[in-house]
Amino acid sequence: MKSDITDGLGVPDATMMAALAVVWFLLYVCMRSGLRGQGKVSYFTAIVPYIILIIMLVKGLTLEGSWNGIKFFFTPDFKRLQDMEVWYAAITQSFYSLTIGFGCLGTYAKYNNFRHPTSRDALIISFADCFTSILAGTVIFAVLGHLAHQQGRPDEIGNIVGDGGMGFVFMVYPEVLASFPVSNLFSILFFLMLVTLGFGSGIGLLCTITTTVYEAFPGVKNHHPVKYLGNCQEI
């Protein structure tokens, strides 16, 4: 992988290309039967992450030092509310987790009846999203509290967190999961959760695109498998 692209992107990585092809093929398999098939897959991708999170939360609470991490997570720092970066991060998380800008929720809402209580669904989804973020944060900080305890720094959880970032979960969790009893099982569960979340997001995003295509070109037969495969290839 090149760090400098001033002279071009270079040759694609064969391993990454193969993994990308497998992912898009699996998305095609999940979506080829149309909205009804997507609904069945969504039950799996929506429920499994909660089961895995709860399992990891129960296990995390039994670790030494985990309650220090949870205390750090739920103890408010009201001075930070004056920092606009905090509000910017909160808004970014809300828009990202709800995919407000891409239109997934609006796409799924169009399949409801005209008089369906959409405002009620919007509140349910918003509260569920907030609950999920709190649940995931509790799991993460329980593990961070254990990690700080292992390093002999139970009062320096904030220093361990640092700036966080998108790659934070991949740096902290593998190290801690390796110390779990039956570590292979917990590692498989954790990355299975990430995979199911990724597939859930991918199906929603792809459904938005295909629905837009079908609405713009009514002559195209809805949910035709070949059309789904074409969309996957183009994306």
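As a convention, each chain's residues are numbered from 1 in the sequence order in which they are written. Only residues with pLDDT of at least 70 get local features here, since the model is predicted, and only at 80 or more are side-chain atom pairs given and counted; chain-wide, interface and lining totals rely on the full set of residues. Hydrogens and waters are ignored; side-chain quantities use all the structure's heavy atoms.

## Re the overall build of the chain
The following threshold applies: Helical segments are the DSSP runs of H or I of at least four residues, strand segments are the runs of E of at least two, and each set is numbered from the N terminus. Only protein chains enter the calculation, and the probe is 1.4 Å; a residue is then buried if its accessible area is under 20% of its type maximum, exposed if over 50%, and partly exposed in between. Calculation of accessible area relied on Shrake-Rupley with a 1.4 Å probe; when residues are assessed, cover is drawn exclusively from the protein chains displayed.
Helices and strands together make up the secondary structure of the chain, namely ten helices and zero strands. Buried positions account for 29% of the 235 residues belonging to the chain. Within the structure as shown, the chain displays about 15700 Å² of accessible surface, and the carbon and sulfur contribution to it stands at 68%.

## What to know about the nonpolar core
Our working definition: Put simply, a nonpolar core is a bunch of buried Ala, Val, Leu, Ile, Met, Phe, Trp, Tyr and Cys residues held in one set by side-chain atoms that sit within 4.5 Å of each other. Only heavy atoms enter the contact rule, under which two residues are in contact if any of them lie within 4.5 Å.
Formed by 14 residues in total, the largest nonpolar core has its most connected members in Ile52, Met56 and Leu177. When contributions to this core are tallied by element, the ones reaching two or more residues are helix H2 (35–61), helix H6 (118–150) and helix H9 (183–216). Considering every element that reaches this core, the biggest residue donor is H2, with five residues. Residues within four places of Ile52 in sequence aside, it is in contact with Leu189, Phe190, Leu192 and Met193. Leu27, Cys30, Phe199 and Ile203 belong to the second-largest nonpolar core, a separate cluster that totals seven residues.

## Re H6
For the record, the criterion: In a helix, the anticipated span is given by 1.5 Å times the number of residues less one.
With 33 residues, H6 should cover 48 Å at 1.5 Å per step; its first-to-last C-alpha distance of 48 Å lies within 8% of that length. Residue Gly152 follows H6 closely and has a positive phi angle near 70°.

## Description of the side chain of Asp129
The test is simple: Residues scored as positive are Lys and Arg, those scored as negative are Asp and Glu, and His as well as the terminal groups of each chain are ignored. Counted as salt bridges are all cases of a side-chain nitrogen of Lys or Arg within 4 Å of a carboxyl oxygen of Asp or Glu.
Within the secondary structure layout, Asp129 lies in helix H6. Although Asp129 is buried, it forms no salt bridge, and the closest oppositely charged side chain is Arg120 at an N-O distance of 18 Å. Apart from residues no more than four positions distant in its own chain, Asp129 is found in contact with Ser97 and Leu98.

## Let's talk about the packing of helix H1 (residues 14–31) against H9
Packed helices, taken two at a time, are described by the angle their axes make and the gap between the axes. Heads up, the condition is: To get an axis, fit a line to the C-alpha atoms, keeping to the stretch in contact for a helix; angles then go from 0 to 180 degrees between the N-to-C directions. Note on angle classes: values under 35 degrees are labelled roughly parallel, values over 145 roughly antiparallel, values of 65 to 115 roughly perpendicular, and the remainder oblique. Take the far helix as the reference: if the near one is turned anticlockwise from it by less than a right angle, the crossing is left-handed, and if turned clockwise, right-handed. Under the grouping applied here, Gly and all other residues not named as nonpolar or charged are polar, the nonpolar ones being Ala, Val, Leu, Ile, Met, Phe, Trp, Tyr, Cys and Pro and the charged ones Asp, Glu, Lys and Arg.
Two elements in contact, H1 and H9, have axes separated by 10 Å at closest approach and are oriented at 70°. What the angle tells us is that H1 and H9 run roughly perpendicular. In this structure, the crossing between H1 and H9 has a hand that is right-handed. Only Phe199, Gly202, Ile203, Leu206, Cys207 and Thr210 of H9 make contact with H1, whose side of the interface consists of Val23, Trp24, Leu26, Leu27, Cys30 and Met31. For the contact of H1 with H9, a count of residues per class yields ten nonpolar, two polar and no charged.

## Comments concerning a nonpolar patch on the surface
Cut-off, in case you're wondering: Residues qualify for a patch when their relative accessible area is over 30% and they have no salt bridge, like charges being joined within 9 Å and the nonpolar side chains of Val, Leu, Ile, Met, Phe, Trp and Tyr within 5 Å.
On the surface, Val22, Phe25, Leu26 and Val29 cluster together into a nonpolar patch covering about 340 Å² of accessible area. Looking at the secondary structure, you find Leu26 in helix H1.

## Quick word on helix H4 (residues 84–98)
As a reminder of what qualifies: Distance and chemistry together define a polar contact, namely a pair of N or O atoms within 3.5 Å, with one atom able to donate a hydrogen and the other to accept it when in protein, and with adjacent residues in sequence counting only for side-chain atoms on both sides.
If you check H4, its first and last C-alpha atoms are 21 Å apart, about what 15 residues at 1.5 Å a residue would give, namely 21 Å. A side-chain oxygen of the first residue of H4 lies 3.0 Å from the backbone nitrogen of Glu85; this N-cap is Asp83. Directly beyond the C-terminal end of H4, a positive phi value near 45° is found at Thr99.

## A few points about the confidence of the model for the chain
Threshold: Every residue is assigned a pLDDT by the predictor, reflecting its confidence on a scale from 0 to 100.
Put simply, the chain has an average pLDDT of 76, and 76% of its residues get 70 or more. Taken element by element, the predicted model of the chain shows its lowest mean pLDDT in helix H10 (residues 225–234) (50) and its highest in helix H3 (residues 66–74) (86).

## So, the pattern of salt bridges
According to the stated counting rule, one finds two salt bridges in the structure shown. For Asp83, the salt bridge is made with Arg80, and the minimal N-O distance between the two is 3.9 Å. Here Arg120 makes a salt bridge to Asp121, at a shortest N to O gap of 3.3 Å. What makes Arg120 partly exposed here is its relative accessible area of 44%.

## Description of the packing of aromatic side chains
This is how the line gets drawn: For this analysis, a ring pair means two rings from Phe, Tyr or Trp (six-membered ring only for Trp) whose centres lie within 6.5 Å, classed as stacked if their planes differ by under 30 degrees, edge-to-face if by over 60, and tilted for the remaining angles.
Evaluation of the coordinates by the stated rule reveals three aromatic pairs. The interplanar angle of 20° and the centroid separation of 4.9 Å between the aromatic rings of Phe73 and Phe141 together place this pair among those described as stacked. Note that Phe73 is positioned in helix H3 and Phe141 in helix H6, a separation of 68 residues in sequence. On the basis of relative accessibility, which here comes to 27%, the residue Phe73 falls in the partly exposed class. Accessibility expressed as a relative area gives 14% for Phe141, which makes it buried.

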